[in-house]
Amino acid sequence: MIEELPVLESKTNKQVSPDFVRISAASAMALRMQSGRFSRDFKFGGINILLNYNNGCLSDCGYCGLARTRPGAYEEKSFIRVEWPLVDTDFLAERMAEHKDKLTRLCISQVTHGRAHEDTYEITKKIREKVDTPLSLLIAPPVLNREKLQSYFDLGVDMIGVGLDAVSEETFFKHRTDVPNGSLKWDNYWDIINLSREIWGPWKVNIHTVVGLGETDKEMIDCFYKLYENQIFPYLFSFNPEPDSRMGDWDQPEITRWRRIQLVKHLIEFHGLKKEHIGFDDIGRLVRIDVSDEKINEVIKELDGGTPFKTDGCPDTEGEVGCTRPYGSYRPTETFRDFPFTPEMSDMDVIRAELKLDEIIK
Amino acid sequence: MTIEINKYKLRTDLFYDPENHYWIAINKGVAKIGLSPLVQETSGSFVAIQFNKEKDVFARKESIGSLEAEKHVSHMKAPLSGKVIAKNEAVIENPRLLNTDSYGEGWLVEIELSDEENEMKYLLQDEEEIKIWFENEIKKHEEKGWIAQ
């Protein structure tokens, strides 16, 4: 049993959760709470909400903009490289109701904080009273247990995400320092993942896995198999350095490596690519995809119309990705690491060149 | 003098490039250029400015560089032909100035004009023309959902 986290809130600033939350810049634009536009024209309705506290997040992940030890005041910190406007929760719920026809998925992200559970519960209830758009939670394992998870399920939360981020225990601890009550535990993360799987059932739990934290391709792909065996989705993210974070000077994963991992994940998930048909070198780098299976060979030729390279995210009511986080893992000046829409012909040409498949297809 | 259209302030002592949404101050053959208040707002928060390092003489409509906001990137096209003689170092250092002080510290470049006589026809200065152009542009940006409610 994990000890409760300390509640370290200033009594003077009232602009904290549950009365206030932060929303992503893209969400603020979609809800027309902030002016702005995307470089490419596509429909967007995935609203990302983040709990807000004066003392911020008690976790300390070296790659995250919200890390406890990242320099600067919490309210000035960026997250995923962009500003997250602070909004009144009631006003947000009203605004979502006003724009409900274009909403595809809502997600509330917890931060590691002593009040995270109670406030997530309150905010979820408030939103549920106004809109019935599918709603996910991205949870912080150090603050949760079975009872709390069950309460979210009972409220109608239909998908649960866990920001495991690192796919091996070694990488997990390499980039995170402990949270104040000593509850940062690899096993605790997996306990919460397994409890969520038990409560929500198959294909309702997703694990965020970040490429570029120092893991090998083999560790990443082994993690995919482990999750699929348990009917849990891995959602892929490409590491994107957050300025001033401990990993602010790290490079993004090399684009060819990233594309190949996207492709392999897709082949496993949708076409049953077998483990023995993937080859690694002695330092765990992906060096071979065996295409003796005719079906796999065909998929690779057509690249499934670009589907492997679309954003991983929770679905809308039609089963399409509803949470597409445009420009979340890349800048508008860079190639789309994951596409919030179906890649066009010209995008596919670029993707093919990036994949360099002739080097690994055997 | 300044006119206000909706909440946007437009200085009438300046020229406007209706295609690229620049304001342009011309003094002795040199054009100082910045962004219109509408486009600075609907681009979102600017995060980076890149200039073309290959050359400094540009024909009208050629790309001088790029303007990158959080979720959007656009070419910075030359509104008039000429030689770039100054780039605003302050705005390169702090691109947010484009949003916060677009008529002042947030200017972009100065261009020594090479064909002022023939190219001035592409710019607007008449107050009535500016008003009609800007009202139409607000409407377009509204329809696209780029302006906050």
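Residues numbered from 1 in each chain as written. Chains lettered and ligands numbered in written order. Predicted model: local features only at pLDDT ≥ 70, side-chain atom pairs only at ≥ 80, totals over all residues.

Novice: So what about the overall build of chain A? Which residues, and what values?
Specialist: Secondary structure assignment for chain A yields ten helices and twelve strands. A globule of 362 residues ought to have a C-alpha radius of gyration of about 21 Å, and chain A, at 20 Å, matches this closely. When the backbone C-alpha atoms are referred to their principal axes, chain A occupies close to 65 × 45 × 40 Å. For chain A, the proportion of its 362 residues judged to be buried stands at 47%. Of the contacts formed within chain A by residues at least 6 apart in sequence, a portion of 76% connects residues at least 24 apart. (Helix = DSSP H or I, 4+ residues; strand = E, 2+ residues; numbered from the N terminus. Rg over C-alpha atoms; globule rule 2.2 N^0.38 Å. Buried ≥ 20, exposed ≤ 12 C-beta atoms within 10 Å, placed from the backbone. Contact = placed C-beta atoms within 7 Å.)

Novice: So what's going on with the overall build of chain B? Residues and values would help.
Specialist: Within chain B, the secondary structure is distributed over five helices and eleven strands. Here the C-alpha radius of gyration of chain B, 15 Å, is about what a compact globule of 149 residues would show, namely 15 Å. In terms of its C-alpha atoms, chain B occupies a principal-axis envelope of roughly 40 × 35 × 25 Å. Taking all 149 residues of chain B together, the buried fraction comes to 36%. Counting contacts in chain B only where the partners sit at least 6 residues apart, residues at least 24 apart contribute 56% of the total.

Novice: Tell me about the confidence of the model for chain A, and name the residues and values.
Specialist: For chain A, the mean per-residue pLDDT works out to 92, and 93% of the residues sit at or above 70. A low-confidence stretch, residues 7-12 of chain A stays under pLDDT 50, and its non-local contacts, those more than four residues away or across chains, total eight contacts. (pLDDT = per-residue confidence, 0-100.)

Novice: Outline the sheet that holds strand S4 (residues 22-27) of chain B, supporting the account with residue identities and numerical values.
Specialist: Residue and element names in this part refer to chain B. Reading across the sheet, the six strands line up as S3-S4-S5-S11-S10-S7 and stay open at both edges, with antiparallel pairing between neighbours. Both outer strands of the open sheet, strand S3 (15-17) and strand S7 (57-58), are each paired with one neighbouring strand and no more. Here S3 pairs with S4 via three bridges, running antiparallel. Counterpart to Phe15 in the pairing with S4 is Ile24. (Pairing = 2+ DSSP bridges.)

Novice: Which residues make up the sheet that holds strand S6 (residues 46-51) of chain B, and what values go with them?
Specialist: Across a sheet, strands are paired by hydrogen bonds formed along the backbone, either parallel or antiparallel in direction. Residue and element names in this part refer to chain B. With antiparallel pairing, the three strands of this open sheet are ordered in space as S6-S8-S9. The open sheet has two edge strands, S6 and strand S9 (73-77), and neither has a second partner. Put simply, the sheet's adjacent strands are angled 20° from each other on average, direction ignored. Here strand S8 (residues 63-69) pairs with S9 via five bridges, running antiparallel. Among the inter-strand pairings, Leu67 is bridged to a residue of S9, identified as Ser74. (Axes fitted to C-alpha atoms, helices over the stretch in contact; angles between N-to-C directions.)

Novice: Help me get a handle on the confidence of the model for chain B, residues and values and all.
Specialist: Of all residues in chain B, 100% attain a pLDDT of 70 or more, and the chain-wide mean is 97. Note on the complex model: pTM 0.92, ipTM 0.93.

Novice: Help me get a handle on the interface of chain B and chain A, residues and values and all.
Specialist: Chain B puts 16 residues into the contact, and the matching count from chain A is 17 residues. Those elements giving two or more residues to the side of chain B that touches chain A turn out to be helix H1 (37-42) and S8 of chain B. Its residues assigned to classes, the side of chain B that touches chain A shows four nonpolar, eight polar and four charged. (Nonpolar A, V, L, I, M, F, W, Y, C, P; charged D, E, K, R; others polar.)

Novice: Can you tell me about helix H5 (residues 127-143) of chain B, naming the residues and giving the values?
Specialist: In a regular helix each residue adds 1.5 Å, so 17 residues correspond to 24 Å; H5 of chain B covers 24 Å between its end C-alpha atoms and thus fits that length. Downstream of H5 of chain B by a residue or two, Gly145 of chain B has a phi angle that is positive, lying close to 80°. (Expected span 1.5 Å × (residues − 1).)

Novice: Give a description of the packing of helix H2 (residues 89-98) of chain A against helix H3 (residues 116-130) of chain A that names residues and reports values.
Specialist: Packed helices, taken two at a time, are described by the angle between their axes plus the distance between the axes. Residue and element names in this part refer to chain A. The N-to-C vectors of H2 and H3 enclose an angle of 30°; their axes lie 9 Å apart at closest approach. With respect to H3, the axis of H2 lies roughly parallel. The crossing of H2 and H3 is right-handed. Side by side, H2 and H3 meet where Thr89, Asp90, Ala93, Glu94, Met96 and Ala97 of the first sit next to Ile123, Lys126, Ile127 and Lys130 of the second. Here the contact of H2 with H3 is composed, by residue class, of five nonpolar, one polar and four charged. (Parallel < 35°, antiparallel > 145°, perpendicular 65-115°, else oblique. Left-handed = near helix turned anticlockwise from the far one by under 90°.)

Novice: Let's hear about the nonpolar core: which residues, and what values?
Specialist: If you look at the biggest cluster of nonpolar residues, it comprises 92 residues, and the most contacted ones within it are Val21 and Val264 of chain A. Sort the elements by how many residues they give to this core and helix H8 (residues 255-271) of chain A lands first, with six residues. Other than its neighbours up to four places away in sequence, Val21 of chain A contacts Ile49, Leu50, Leu51, Asn52, Val87, Thr89, Leu92 and Ile123 of chain A. In this structure, Phe46, Ile49, Met76 and Leu98 of chain B belong to the second largest nonpolar core, which totals 31 residues. (Core = buried A, V, L, I, M, F, W, Y, C linked by C-beta atoms within 7 Å.)

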